[in-house]
Amino acid sequence: MGYASYTLPDGREGGYAVDAECDLDDCTADIDRGLGYLCGQNPGGHPFGCGGYFCSEHLWLGNVDDGNGGVRWSPHYMCEPCVDKWRAAGGPEDPDDID
Ligand SMILES: [Zn+2]
Ligand SMILES: [Zn+2]
């Protein structure tokens, strides 16, 4: 326990008890700021996670087109700009392997 709400590195309130809207500008889908809506692995961000919170329509997980005609398993939820960065890096399945 203790993760229901907390302060994010950017000063916003995070946690699954926090009602929020998708961070995409034009999207007003209701979400919470739990890990199930987080882009990346940690609220503080990640090489391929911006730390934003997005609705399920704007998060990618699982088999994602790697941009080179292949499909790779995404390491965690990613929003669209982060998917682009991940593709540009070759679609690593474990982002901790890269510098
Ligand atoms: Zn992102
Ligand atoms: Zn959305």
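Residues numbered from 1 in each chain as written. Chains lettered and ligands numbered in written order. Predicted model: local features only at pLDDT ≥ 70, side-chain atom pairs only at ≥ 80, totals over all residues.

J.: Is there a simple way to explain the nonpolar core in this structure?
T.: What tends to happen in soluble globular proteins is that the nonpolar side chains get buried as a cluster. Formed by 15 residues in total, the largest nonpolar core has its most connected members in Tyr37, Cys39, Phe54, Leu59, Met78, Cys79 and Cys82. The dominant element in this core, judged by the number of residues it contributes, is helix H1 (residues 80-88), at three residues. Every residue in contact with leucine 59, bar those within four places of it in the chain, is listed here: Tyr37, Cys39, Phe54, Tyr77, Met78 and Cys79. (Core = buried A, V, L, I, M, F, W, Y, C linked by C-beta atoms within 7 Å. Buried ≥ 20, exposed ≤ 12 C-beta atoms within 10 Å, placed from the backbone. Helix = DSSP H or I, 4+ residues; strand = E, 2+ residues; numbered from the N terminus. Contact = placed C-beta atoms within 7 Å.)

J.: It is not clear to me how the sheet that holds strand S1 (residues 6-7) should be interpreted in this structure. Could you clarify?
T.: Either a parallel or an antiparallel arrangement is found when strands of a sheet pair, and the pairing is made through backbone hydrogen bonds. Strand order in the open sheet formed by three strands is S1-S2-S3, and the pairing between neighbours is antiparallel. The sheet terminates laterally at S1 and strand S3 (30-33), the two strands that pair on one side only. Pairing between strand S2 (residues 13-21) and S3: four bridges, direction antiparallel. Residue pairing in the sheet places alanine 20 in a bridge with isoleucine 31 of S3. (Pairing = 2+ DSSP bridges.)

J.: Can you help me understand the environment of aspartate 66 in this one?
T.: Mapping aspartate 66 onto the fold places it in the loop between strand S4 (63-65) and strand S5 (71-73). In contact with aspartate 66, other than residues within four places in its own chain, are Val71, Arg72, Arg87 and Gly91.

J.: Is there a simple way to think about the environment of serine 56 in this case?
T.: Take serine 56: it is sitting in the loop between S3 and S4. Distance in space between the C-alpha atoms of serine 56 and cysteine 79 is 9.5 Å, their sequence separation being 23 residues.

J.: Help me understand the environment of alanine 20, please; the structure alone is not making it clear to me.
T.: Within the fold, alanine 20 resides in strand S2. Considered as a pair, alanine 20 and cysteine 55 are 35 residues apart in the sequence and their alpha carbons are 9.8 Å apart. Discounting residues that sit within four places of it in the chain, alanine 20 has contacts with Ile31, Asp32, Arg33 and Tyr53.

J.: Is there a simple way to explain H1 in this structure?
T.: The periodicity of an α-helix, 3.6 residues per turn, causes residues three or four places apart in sequence to face the same way. Residues Cys82, Val83 and Trp86 constitute the buried set of H1. Buried residues of H1, seen end-on, are gathered within an arc of 105° and therefore sit on one face of the element. Exposed residues on H1 whose side chains face more than 90 degrees from its buried face are Glu80 and Ala88. Each element contacted by the buried residues of H1 is listed here: S4. Trailing H1 by a residue or two, glycine 90 shows a phi angle of about 95°, which is positive. (Arc of directions from axis to C-beta.)

From the geometry alone we can't say anything about function, so treat these as descriptive.
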